[in-house]
Amino acid sequence: MSAVRSPAIDKVALEERAAALGKRSIKKETKVAGLRLAISMCDLTTLEGKDSPGKVRQMCAKAVRPDPGDSSIPSVAAVCVYSDLVATAKRALAGSGVKVASVSTAFPSGRSPLPVKLADVRRAVAAGADEIDMVIDRGAFLAGDNRRVFDEIVAAREACARRDGPAARLKVILETGELETYDNVRRASDLAMAAGADFIKTSTGKVSPAATPPVTLCMLEAIRDHWLATGEKVGMKPAGGIRTAKQALHYLVLVKETLGAGWLNADLFRFGASSLVNDLLMQLKKEETGRYRSEEEFTKD
């Protein structure tokens, strides 16, 4: 691993820019397009001990048709489940274009021996996962063991390969709520991209705070600098705590102003926010019809 050098982060400037971009006014036509785009970027997720095949099938139906009464609404980007439910999700989503992601590497703690972590990845890939959401070992990172974190990401990327098709895409979860400073978030972002991450992701959704606009902006700036230095485009996924359409549009503004319109697609930007979809649907119907529909009119799964 060559040395990964990260710039120091100006906390005041970062937070002020994130706040300022959140105040941009958006015209009606652009807002409608943004709401539809945000729906297409969502990853519906269920990561609970009580998850069952039936629950996953219900979530997959929601992923394909977020509003069963309106076929013009786009499908979401992906569903995310534990590895033992990947095959169930693949069958439910066959032919839909919606991807199946699986958390791995001892999610959410990241605290298991490396062979166990890699077996987790390989099991999910063998079951058909299109994407792997791995977690870094935050303890190792905060202790300064960058080599260990780097090598584990490289090994996970190698475990994403499959003989009979393209490798699963690798999203690397930093768990920014445990990284303590923006400087650490920037260093972890740079490290993950240097190790071959296809996406960098803020959070597991199990730790507070999860995604925030300043943290996301910090990571987007790291992606921008990596792209300018290497020509490689890495995706971004804020996850956890994004519940309203207003917040989602704020994040889209952050992306466009930092990385440009080329990142405004589900191949390069995702929302990890299952509860967000219904608010996006409600706001979209309000913009299109002039009235709100009740939240009870939309499925919860």
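Here the structure is shown first, and the text comes after it.
Model, not experiment: these values are computed from the prediction. (Residues numbered from 1 in each chain as written. Predicted model: local features only at pLDDT ≥ 70, side-chain atom pairs only at ≥ 80, totals over all residues. Heavy atoms only, no water.)

Colleague: Go over the overall build of the protein chain, please, and point to the residues and values.
Modeller: When helices and strands are counted, the protein chain shows 11 helices and seven strands. Here the C-alpha atoms of the protein chain give a radius of gyration of 19 Å, agreeing with the 19 Å that 2.2 N^0.38 yields for 301 residues. Along the first, second and third principal axes, the C-alpha set of the protein chain runs to 55 × 45 × 30 Å. Of all 301 residues assigned to the protein chain, the portion counted as buried reaches 51%. At a minimum sequence separation of 6, the contacts of the protein chain that also span at least 24 residues come to 74%. Total accessible area on the protein chain is roughly 13100 Å²; 51% of this is exposed by carbon and sulfur atoms. (Helix = DSSP H or I, 4+ residues; strand = E, 2+ residues; numbered from the N terminus. Rg over C-alpha atoms; globule rule 2.2 N^0.38 Å. Buried < 20%, exposed > 50% of the residue type's maximum accessible area, 1.4 Å probe, protein only. Contact = heavy atoms within 4.5 Å. Areas by Shrake-Rupley, 256 points an atom, 1.4 Å probe, with all protein chains shown as cover.)

Colleague: For the packing of helix α2 (residues 28–40) against helix α11 (residues 276–289), give the residues involved together with the corresponding values.
Modeller: Look at α2 against α11: their axes get within 10 Å of each other, and the N-to-C directions meet at 150 degrees. It follows from the interaxial angle that α2 and α11 lie roughly antiparallel. Helix-helix and strand crossings are classified by hand; for α2 and α11 the assignment is left-handed. Of the residues in α11, those in contact with Lys-28, Lys-31, Val-32, Leu-35, Arg-36, Ala-38 and Ile-39 of α2 are Leu-280, Leu-281, Gln-283, Leu-284, Glu-287 and Glu-288. (Axes fitted to C-alpha atoms, helices over the stretch in contact; angles between N-to-C directions. Parallel < 35°, antiparallel > 145°, perpendicular 65-115°, else oblique. Left-handed = near helix turned anticlockwise from the far one by under 90°.)

Colleague: Outline helix α4 (residues 86–93), listing residues and values.
Modeller: By the burial criterion, the buried members of α4 are Val-86, Thr-88, Ala-89 and Leu-93. The arc enclosing the buried residues of α4, seen along the axis, measures out at 160 degrees, which places them on a common side. Where the residues of α4 are buried, they touch α3 (53–64), β2 (78–81), β3 (99–104) and α5 (114–126). (Arc of directions from axis to C-beta.)

Colleague: Tell me about empty space enclosed by the protein, and please be specific about residues and values.
Modeller: By the definition in use, this model includes one cavity of 30 Å³ or more. Forming the boundary of the largest cavity are Thr-105, Leu-114, Lys-117, Leu-118, Met-134, Val-135, Glu-152 and Ala-156. Sorting the residues of the lining of the largest cavity by element identifies α5, β4 (131–135) and α7 (146–159) as the ones contributing at least two each. Top element by residues in the lining of the largest cavity is α5. It accounts for three residues. Partitioned by chemical class, the residues of the lining of the largest cavity number five nonpolar, one polar and two charged. (1 Å grid on protein atoms, 1.4 Å probe; cavity = no way out; pocket = protein on both sides within 12 Å on 5 of 7 lines; lining within 4 Å. Points joined across faces, edges and corners; volume = space filled by probe spheres on them. Nonpolar A, V, L, I, M, F, W, Y, C, P; charged D, E, K, R; others polar.)

Colleague: Describe the environment of Ala-210, listing the residues and the values that go with them.
Modeller: Along the polypeptide, Ala-210 turns up in the loop between β6 (199–201) and α9 (213–230). Sequence-wise, Ala-210 and Val-185 are 25 residues apart; in three dimensions their C-alpha atoms are separated by 12 Å. Apart from the residues lying within four places of it in its own chain, the contact partners of Ala-210 are Thr-176, Ser-203, Ala-239, Gly-240 and Gly-241.

Colleague: Please set out the packing of aromatic side chains residue by residue, giving values where relevant.
Modeller: One pass over the structure, following the stated rule, counts four aromatic pairs. Between Trp-227 and Trp-263 the ring centres are 5.0 Å apart and the planes differ by 75 degrees, which places this aromatic pair in the edge-to-face class. Taken together, the positions of Trp-227 in helix α9 and Trp-263 in the loop between α10 (245–259) and α11 put the pair 36 residues apart, joining distant regions of the chain. Of the residues examined, Trp-263 reaches a relative accessible area of 1% and is grouped as buried. Their ring planes at 90 degrees and their centres at 6.3 Å tell us that Tyr-251 and Phe-271 sit as a pair that is edge-to-face. (Phe/Tyr/Trp six-rings, centres within 6.5 Å; stacked < 30°, edge-to-face > 60°.)

Colleague: Now, about the nonpolar core: what can you tell me, with residues and values included?
Modeller: The biggest cluster of nonpolar side chains holds 86 residues, and the ones touching the most others in it are Val-79, Ile-132, Ile-153, Val-172, Phe-271 and Leu-280. It is α10 that provides the largest number of residues to this core, a total of nine residues. The contacts of Val-172, once residues within four sequence positions are left out, are Met-134, Ile-136, Ile-153, Ala-192, Ala-197, Phe-199, Ile-200 and Lys-201. In terms of nonpolar packing, the next biggest core, distinct from the first, is built from seven residues, Leu-47, Cys-80, Phe-107 and Ile-173 among them. (Core = buried A, V, L, I, M, F, W, Y, C linked by side-chain atoms within 4.5 Å.)

Colleague: Would you mind going over the environment of Phe-271 in detail, with residue names and values included?
Modeller: Along the chain, the position of Phe-271 falls in the loop between α10 and α11. Counting along the chain gives 35 residues from Phe-271 to Met-236, while the straight-line C-alpha distance between them is 8.7 Å. The residues contacting Phe-271, other than those within four sequence positions of it, are Ala-38, Met-41, Cys-42, Asp-43, Lys-237, Pro-238, Ile-242, Ala-248, Tyr-251, Leu-252 and Leu-276.

Colleague: Describe the pairing of β3, and please don't skip the residues or the numbers.
Modeller: With five of six residues buried, β3 is to be regarded as a mostly interior element. Pairing of β2 with β3 involves four bridges; the strand directions are parallel. Considered in β3, the bridge of Ala-78 is made with Lys-99. In the classification by handedness, the crossover that spans β2, the intervening α4 and the parallel β3 is right-handed. As paired strands, β3 and β4 are joined by four bridges and run parallel to one another. Looking at β4, one finds that Ala-101 is bridged to Glu-131. For the handedness criterion, the β-α-β arrangement of β3, α5 and β4 is classed as right-handed. (Pairing = 2+ DSSP bridges. Right-handed = clockwise from strand over helix to strand, strands pointing away.)

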